[in-house]
Amino acid sequence: MKDSPSKPNAPIGPAQDAAPDRPEVVRRAGKTHHGGRSTLAEIVTAVVVAGFLVGFPSMNPGYRFLSLAITTGFTAVALYGLGFQFGQAGIMSVGHAALMGIGAYTAGILAGKLGIGFWVALPCSALVSAVVAGLVGLPSLRVSGQHYIIITFCFCALLNIALTNGGQFTGGATGLDVGSIGSAFGLNFNKLLNTYYLVVVVLIICLLATHLLVNSSYGRTLRALRENETLARAVGINTNLHKIGALMVSGAFAGVAGILQAYYLRHISPSLYGPFPSLYLALMVMLGGSRLLYGPLAGAVIVSFLPEILNLNPIDSRIAYGVALLAVILLLPGGVSAGCLNIYRWLTSKRRP
Amino acid sequence: MPALEISGLRKTFGGVIALAGIDLSIEADKIVGIIGPNGSGKTTLFNVITGVHKPTSGRVMWQGKDITGRPAYQIARWGLVRTFQQAMSFPGLSVRENVRIACERARGDHETTRAEWGSPDKLLHFVGLADRGDEIAGAMPFGNLRRLGVALALGVNPSLLLLDEPAAGLSHSEADDLMELVFRLPKLGIGVCLIDHDMFLMSALCERLVVLNFGTKIAEGPPKLVLNDPKVREVYLGSDL
């Protein structure tokens, strides 16, 4: 205490030797988690993506591709949730369509039994899905990794059985009819184009929300528990609370996706939310990459549009998905988005002397 | 007044008695060393104090509060923070993000430490990692990982820091640098409780040594007295037959 504090901020020990030659990827690693301020490249990408989403209908896509774009859009909304829980908190799920189903059936039951329309049902769906996601997440406090993945799969299969045997309440195997959104804000949502814009607006909100969450201290907290749970607890992070929190955020996204799907299809049935659609969601997230902002969107677009453009029949496309998934896991562990980023970095670093 | 008071602390794993009833008190303004042969229960003691393991019986009091068996994150938030023997970090994140995570959990009201490491960059400077902020933590050499481990614990602004073999696996000069850093902590109002095997270093650094063997405390006191204690000499050097 009595010692005079001589140079309190002097670094300890000998000066660190100058950074030795190491791969570019490692030296620039600080930027992989979009840490800090937005760069010009990020803003340009955002404008290009938003421009493409808004401008897509003016490319005369026709009824078929516009429908496909809507499907891709609300799927991407769910994927942003799944990408958040997997990419940030490191918790994968292969039963994510079940949470979309909870959102969709919440909307369907509210509409059918209580006559509650889209706009009021929207927050309800998000909330119910979030709560269910939290409850399903409780086992994740005891088991992790593959073990928890199996639990999510079981939940998905169980929900399917429950919905199929729900009698009048869930409409059984036939499912429920959901009304239309009707008109709002002077727009008639019976027109496909307006539905597309609605989905795009929701998707852009999801993108923004994800960007903010990932760069917030909450995002960092989740990454901490993904990277090292024991250490996270040792620095004062309530890992149990934040795991459930991440799953609830993810569930809310899935709920919104579910209600969009329900009102777009106007009819929902259990088979939409079974293990197969769930596996597709997992595939999309792995393919696109979950840690970068545009990864989930890329995954949704690739998986939805590519078979259509290449004219693959459903069986062939499943084989193609399987091969693509293996290829991505082996060659691009961060997904297509991370692969693109690495190529971009490689190109820009080459140009600099 | 001792900040940490342990009484009758006992921990068994199946039939193995890791801690056989330990009484110990540690002040939050000194450097206290814990020594003992491998398997004597040093790390288990830390694990039980900081809530990684629940004790079989016994009590841990921290600043007059009973913290026995409380969750680890809660104990850390009360200012009792530990590091790990294995040089833990958040390996996939940048070094700056690592310390940022800890700093975001800093407990307020600590004037001195705020001046020393109120921000992630100051903290990195304090532990000598100032120019490593952009590196991926997992790609750093071992010595730097150890510094990062200490930085993570300091970022939380502890009142008492439990260091589990911070110098293990370091070269002599690296270990000296790290210990110089540890030596400055009590002046900043942070108590240190330290496990290490290096007797020379420990006796130079610590005001008080505690010796464990087979889960019991066999000696305690100033380093000179403890190291001349016949029971301690027997543990380390074997007895004359």
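Keep in mind it's a predicted model, so treat the numbers as computed, not measured. (Residues numbered from 1 in each chain as written. Chains lettered and ligands numbered in written order. Predicted model: local features only at pLDDT ≥ 70, side-chain atom pairs only at ≥ 80, totals over all residues.)

Caption draft 1: Focus on the overall build of chain B. If you tally the helices and strands in chain B, you get 10 helices and 10 strands. Here chain B has a C-alpha radius of gyration of 18 Å; the compact-globule value for 241 residues is 18 Å, and the two agree. Taken over the C-alpha atoms alone, chain B extends approximately 55 × 40 × 35 Å along its principal axes. Here chain B, with 241 residues, has 50% of them falling under the buried criterion. Of all intrachain contacts in chain B linking residues separated by at least 6 positions in sequence, the fraction that spans at least 24 positions is 67%. (Helix = DSSP H or I, 4+ residues; strand = E, 2+ residues; numbered from the N terminus. Rg over C-alpha atoms; globule rule 2.2 N^0.38 Å. Buried ≥ 20, exposed ≤ 12 C-beta atoms within 10 Å, placed from the backbone. Contact = placed C-beta atoms within 7 Å.)

Caption draft 2: Fine view of the overall build of chain A. When its secondary structure is counted, chain A shows 15 helices and 4 strands. A burial count over chain A gives 44% of its 353 residues as buried. A sequence separation of at least 24 residues applies to 77% of the contacts in chain A between residues at least 6 apart.

Caption draft 3: Up close: the nonpolar core. Ranked by internal contacts, the top residues of the largest apolar core, which has 173 residues, are V77, A78, V235, F253, V256 and L260 of chain A together with A151 of chain B. When residues in this core are grouped by element, the largest group, 15 residues, is from helix α11 (residues 239-265) of chain A. Not counting the four nearest positions on each side in its chain, A78 of chain A is found in contact with H96, M100, F253, A254, A257 and L281 of chain A. (Core = buried A, V, L, I, M, F, W, Y, C linked by C-beta atoms within 7 Å.)

Caption draft 4: Structural context of unusual backbone geometry. The backbone phi angle of Q63 of chain B is positive, close to 50°, even though this residue is not glycine. Positionally, Q63 of chain B belongs in the loop between β4 (57-62) and β5 (65-66).

Caption draft 5: How the structure looks around the environment of S171 of chain B. Residues and elements named next belong to chain B. Within the element layout of this structure, S171 appears in the loop between β7 (160-164) and α7 (172-184). Note on S171: 11 C-beta atoms within 10 Å, which makes it exposed. Expressed as a C-alpha distance, the spacing of S171 and I26, which sit 145 residues apart in the sequence, is 29 Å.

Caption draft 6: Highlighting helix α6 (residues 146-164) of chain A. All names here are of chain A. Over its 19 residues, α6 extends 27 Å from the first C-alpha to the last, a length consistent with the 27 Å expected when each residue adds 1.5 Å. For α6, the set of buried residues is Y148, T152, F155, C156, L159, N160 and L163. Projected onto a plane normal to the axis of α6, the buried residues spread over an arc of 135° and lie on a single side. Those residues of α6 that are exposed and angled more than 90 degrees off the buried face are Q146, H147 and I161. Residues of α6 that are buried make contact with α4 (96-114), α5 (118-137), α7 (167-170) and α12 (275-288). (Expected span 1.5 Å × (residues − 1). Arc of directions from axis to C-beta.)

Caption draft 7: Representation of the sheet that holds strand β2 (residues 16-26) of chain B in the model. Residue and element names in this part refer to chain B. Read across the sheet, 4 strands follow the order β2-β1-β4-β5 without closing on themselves; strand pairing throughout is antiparallel. The outermost strands of the open sheet, each flanked by one partner alone, are β2 and β5. As paired strands, strand β1 (residues 4-13) and β2 are joined by 8 bridges and run antiparallel to one another. Along β2, the bridge assignment pairs L9 with I22. Packed on one face of the sheet, helix α1 (residues 42-49) meets β1, β2 and β4 and runs near 70° to β2. (Pairing = 2+ DSSP bridges. Axes fitted to C-alpha atoms, helices over the stretch in contact; angles between N-to-C directions.)

Caption draft 8: How the structure looks around the pairing of strand β9 (residues 208-213) of chain B. Residues and elements named next belong to chain B. Where strand β3 (residues 31-35) lies against β9, 4 bridges are found, and the strand directions are parallel. In the sheet register, G33 faces β9, and the bridge partner there is L209. Bridge analysis of β9 against strand β10 (residues 216-221) gives 5 bridges, and the strand direction is antiparallel. In the strand pairing of β10, L209 is matched with G221. Here β9 folds back onto β10, and the loop between the two strands holds 2 residues, one of which, F214, carries a positive phi near 50°.

Caption draft 9: Examining the pairing of β7 of chain B more closely. Residue and element names in this part refer to chain B. Most of β7 sits out of view: 5 of its 5 residues are buried. Where burial is concerned, the two faces of β7 agree: the one with L160, L162 and D164 and the one with L161 and L163 are both buried. Here strand β6 (residues 80-82) pairs with β7 via 3 bridges, running parallel. For R82, the partnering residue across the bridge sits in β7 and is L162. Regarding topology, α7 serves as the crossover connection from β7 to the parallel strand β8 (residues 191-195), and that connection is right-handed. (Right-handed = clockwise from strand over helix to strand, strands pointing away.)

Caption draft 10: Spatial organisation of the sheet that holds β10 of chain B. All names here are of chain B. Across the sheet, which stays open at both edges, the 6 strands sit in the order β6-β7-β8-β3-β9-β10 with mixed pairing between neighbours. With one partner strand each, in any of the chains shown, β6 and β10 form the two edges of the open sheet. If you compare each strand with its neighbour and ignore which way they point, the axes differ by 20° on average. Docked against the sheet, α1 engages β3, β6, β7, β8 and β9, running at close to 145° with respect to β7.

Caption draft 11: Structural detail: the packing of helix α9 (residues 217-227) of chain A against helix α3 (residues 95-103) of chain B. Contact geometry for α9 of chain A and α3 of chain B: axes closest at 10 Å, N-to-C directions at 110°. The angle between α9 of chain A and α3 of chain B falls in the class roughly perpendicular. Taking contact as the criterion, the partners of R220, T221 and A224 of chain A in α9 of chain A are, on α3 of chain B, E97, R100 and I101 of chain B. Across the contact of α9 of chain A with α3 of chain B, the residue classes tally to 2 nonpolar, 1 polar and 3 charged. (Parallel < 35°, antiparallel > 145°, perpendicular 65-115°, else oblique. Nonpolar A, V, L, I, M, F, W, Y, C, P; charged D, E, K, R; others polar.)

Caption draft 12: Structural context of helix α13 (residues 295-309) of chain A. Residues and elements named next belong to chain A. Between its first and last C-alpha atoms α13 spans 20 Å; for 15 residues at 1.5 Å apiece the expected length is 21 Å, and the two agree. Of all the bends in α13, the greatest measures close to 25° and is centred on I302. All of the buried residues along α13 are G295, P296, L297, A298, G299, A300, V301, I302 and V303. Just downstream of α13 lies N311, where phi reads positive at about 60°. (Bend = angle between axes of the 7 residues up to and from the residue.)

Caption draft 13: Local environment of the packing of α12 of chain A against helix α14 (residues 314-331) of chain A. All names here are of chain A. Interaxial distance between α12 and α14 falls to 9 Å at its minimum, and their mutual angle equals 40°. Between α12 and α14, the angle falls in the class oblique. Judged by the sense of rotation from one axis to the other, the crossing of α12 with α14 is left-handed. From α12, L283, M286 and L287 reach across to α14, where they touch Y321, A324, L325, V328 and I329. (Left-handed = near helix turned anticlockwise from the far one by under 90°.)

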